Amino acid sequence: MPTVSVNRDLLFKILGKTYDDKEFDELCFQYGIELDDVAVEEDGSISYKIEVGANRYDLLCVEGIGQALSIYLGHTNTPRYSIAQPKDSSQQKIVVKAATAQIRQYCVGAVLRGITFNKARYDSFIALQDKLHQNIARKRTLVAIGTHDLSSITGPFVYDALPPQQINFVPLNKTTSYRADKLLELYLSDPHLREYVPIIKDSPVYPIITDSKGVVLSMPPIINGEHSKITLNTKDVFIECTATDKFKAQIVLDTLVCMFSGYCVKPFTVEPVQVEYESSGVTEQYPVLEYRPLTASVAYCNSLVGVSESAENIAEKLTLMGLQAQVSSAEQVEVILPPTRYDVLHECDVAEDFAVAYGFDKLAEDLQLPPTNTIGQEYQLNYHTDKLRLLLSQNNYTEAATFALCSKADLGEKLRMDLSREPLVEVGNPKTVDCEAVRLTLLPGLLRTAAANKHIALPLRLFEISDVGIRDERATHTRGTGARNERHLCALNYNVRAGMEVVQGLLDNLMLALKVPFNQHGQGDGYWLEGKDHPTFLSGFCGRVMVNGREVGKLGLLHPEVIIAFNLNNPASALDLNLQDLIDLNVQPF
């Protein structure tokens, strides 16, 4: 979690009260943050190192922490952020060229008009940008922020992507002009900027922002230009954020302007910027500063926190957390989420804020214990799973741990299966072909593991005991999710001879350990094998594993087409068991 360094005296000035270290530590605990350290700086000032939640972007600077604690203490109300009309008739505009789609396709912007900086505010402004870069912006890979003195540049601004040989400008804190590619070579040895160089270094084009006179404002995500740098005398700040993720850019921009718009001539007002995408003709306005409505159930909040508070009390507590809350009925509270609280995504987040405002230290006083006394113990399925892992390793099998997501080709085409007939759970927007669906069986993972270890001496015996995902429309079985987990066991024997008797011997050993007797008559209690073909296995060399008359798995000799599809060059036999069904049918301790 990020740690924010704030000047103690400045923070106390915002709070309007001084605290000793122990009192402030207690205040932080009550609000759900932590005073990590108290440090004495070189100039003799005292800094507090405060650890905040990774998703609380509004707490990454002294302004945000001071404002949040002031609201929590009841010293001030939550500010109302608004879009102000442009100073003159022509609103600032950024024109995004089509070439930017090759590298960083999105851009947003805003203007802080009439801002007043001093040394502490300026340092905090720069520090917040750095924290946002390291946090939500993922070290500038998703979003890069540029801030400029608006009085030194002239709009409209152009966001383009050009070959590096065509870009020349004087970078920040330099006095000479550099060509873009030469500048990146220089920054490879810079301790602060070298980690960002690989983001664009190998691209045929570099992103560049210029004003109407061709003055370079910045080359994101690396460096701003010297010409437009802000100083303590800057009054109007032009902010631009380039990004590969538009929503992340919106969050970064809203957070930055909300934290520092309080220093403007008209506090908490921001001047908008139009962003025009030349390729599509779409024009957007930023910042968004959206106030989002959310309905919270009183019963739900009380059940999560473990208290019995009225709607009025819940609304009052939520107001202390910077949320605008009003009672709509005895069962519901209407909450308005300010643009600083992008961390609130669901009703459970509202309940969390209610718990913080109620007081973690007070929850024990009102703790509602369940009306039963129970003794905890290890979940039976996990107990058997661990025992079976040990048993398989004693049978000279090596455990593999494969990914739960795989490609549909691995589950269907390569296993000779028709996925349209299978209860497949698909990923809606997969980033790679290897993450298209949740595995239905553990077999593809073991086959890929064997293919990656063909250099190891044979025989190669692998096993995995893990969960698979099954689509299930029965709400009672899935808690409304539409899918459920099943614990499976899969073992693979890969050798110059398939050795189907090897996996059958393993099955006998497993059943012996689980105290399931063999039934040679093929009916009644116990286990037996029934011959039945399966597309993944060679015809005539496959059988169903039956326990008490119910199928719990299969074993057999893998089909040659399956072997070839997974780039293997020797035969293999496999055992696949539904461990969950097997243990449910025969619950006996080892």
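Residues numbered from 1 in each chain as written. Predicted model: local features only at pLDDT ≥ 70, side-chain atom pairs only at ≥ 80, totals over all residues. Heavy atoms only, no water.

Peer 1: Looking at this model, I keep getting lost on the nonpolar core. Mind explaining?
Peer 2: Soluble globular proteins tend to bury their nonpolar side chains together. Residues Leu-11, Phe-24, Ile-50, Ile-65, Leu-112, Phe-238 and Ile-239 are the most contacted members of the largest nonpolar core, which totals 75 residues. The leading source of residues in this core is helix 6 (residues 246-260), at nine residues. Sequence-distant contacts of Phe-24, that is, excluding residues within four places in its chain, are made with Leu-11, Phe-12, Leu-15, Tyr-19, Leu-35, Tyr-48, Ile-50 and Leu-69. Within the second largest apolar cluster, 29 residues are counted, among which are Leu-415, Leu-440, Tyr-494 and Cys-542. (Core = buried A, V, L, I, M, F, W, Y, C linked by side-chain atoms within 4.5 Å. Buried < 20%, exposed > 50% of the residue type's maximum accessible area, 1.4 Å probe, protein only. Helix = DSSP H or I, 4+ residues; strand = E, 2+ residues; numbered from the N terminus. Contact = heavy atoms within 4.5 Å.)

Peer 1: What's the story with the sheet that holds strand 19 (residues 332-337) in this structure? I'm lost.
Peer 2: Picture the strands of a sheet paired through backbone hydrogen bonds; they go either parallel or antiparallel. Strand order in the open sheet made by the three strands is 17-19-18, with antiparallel pairing throughout. Edge strands, defined here as strands with exactly one partner in the open sheet, are strand 17 (292-297) and strand 18 (324-327). Here the average twist between neighbouring strands, direction ignored, is 25 degrees. Here strand 17 pairs with strand 19 via six bridges, running antiparallel. Opposite Ala-296, over in strand 19, you have Val-333 as the bridge partner. Sheet contacts for helix 9 (residues 347-358): strand 17 and strand 19; angle to strand 17, the most-contacted strand, approximately 75 degrees. (Pairing = 2+ DSSP bridges. Axes fitted to C-alpha atoms, helices over the stretch in contact; angles between N-to-C directions.)

Peer 1: What exactly am I supposed to notice about the environment of Tyr-178 here?
Peer 2: The topology assignment puts Tyr-178 in strand 10 (residues 178-179). The partly exposed category is assigned to Tyr-178, whose relative accessible area is 23%. Sequence-wise, Tyr-178 and Asn-168 are 10 residues apart; in three dimensions their C-alpha atoms are separated by 5.5 Å.

Peer 1: When you look at helix 2 (residues 21-31) in this model, what are you seeing that I'm missing?
Peer 2: The set of residues buried in helix 2 consists of Phe-24, Leu-27, Cys-28 and Tyr-31. Burial along helix 2 is one-sided: seen end-on, the buried residues are contained in an arc of 100 degrees. The secondary structure elements touched by the buried residues of helix 2 are helix 1 (8-15), strand 2 (34-40), strand 3 (46-51), helix 3 (62-73) and helix 9. Near the N-terminus of helix 2, the side chain that reaches the backbone nitrogen of Lys-22, with its oxygen 3.2 Å away, is that of Asp-20. (Arc of directions from axis to C-beta. Polar contact = N/O pair within 3.5 Å; in protein donor to acceptor, adjacent residues only side chain to side chain.)

Peer 1: Even after reading the chapter, I still don't get the environment of Thr-481, so can you show me in this structure?
Peer 2: Among the structural elements, Thr-481 can be located in the loop between helix 14 (475-478) and strand 25 (483-494). Judged by its relative accessible area of 58%, Thr-481 is exposed. For the pair Thr-481 and Arg-471, spaced 10 residues apart in sequence, the C-alpha to C-alpha distance is 9.1 Å. A distance of 2.8 Å separates a polar atom in the side chain of Thr-481 from the backbone oxygen of Ala-483.

Peer 1: Would you explain the sheet that holds strand 2 in this entry?
Peer 2: The three strands lie next to each other as 1-3-2, forming an open sheet whose pairing is antiparallel. Since the sheet does not close on itself, it has two edges, and those belong to strand 1 (3-7) and strand 2, each with one partner. If you compare each strand with its neighbour and ignore which way they point, the axes differ by 25 degrees on average. Relative to strand 3, strand 2 is paired through six bridges, and the arrangement is antiparallel. Across the sheet, the residue bridging to Asp-37 is Lys-49, located in strand 3. Against the sheet, helix 2 contacts strand 2 and strand 3, and its axis sits at roughly 150 degrees relative to strand 2.

Peer 1: Where do I start with the pattern of salt bridges in this structure?
Peer 2: Opposite charge on two side chains lets them pair, provided their charged atoms get close. Tallied over the full model, the rule gives 33 salt bridges. Each of Arg-56, Asp-58, Arg-341, Asp-343 and Asp-353 takes part in salt bridges that share partners, so that together they form one network. (Salt bridge = Lys/Arg side-chain N within 4 Å of Asp/Glu carboxyl O.)

Peer 1: How should I be thinking about unusual backbone geometry in this particular structure?
Peer 2: The phi torsion of most residues other than glycine is negative, and most of the peptide bonds are trans. In this structure, Pro-156 follows Gly-155 across a cis peptide bond, with omega equal to 0 degrees. A cis amide bond, omega 0 degrees, links Tyr-286 with the succeeding residue Pro-287. Its place among the elements puts Pro-287 in the loop between strand 16 (283-286) and strand 17. We note that Arg-138 has phi near 50 degrees; this positive angle belongs to a residue other than glycine. Mapped onto the fold, Arg-138 is located in the loop between helix 4 (119-134) and strand 7 (143-149). Notably, Asn-567 is not glycine yet its phi reads approximately 60 degrees, a positive angle. Structurally, the position occupied by Asn-567 is in the loop between helix 16 (560-565) and strand 29 (572-578). The exposed category is assigned to Asn-567, whose relative accessible area is 51%.

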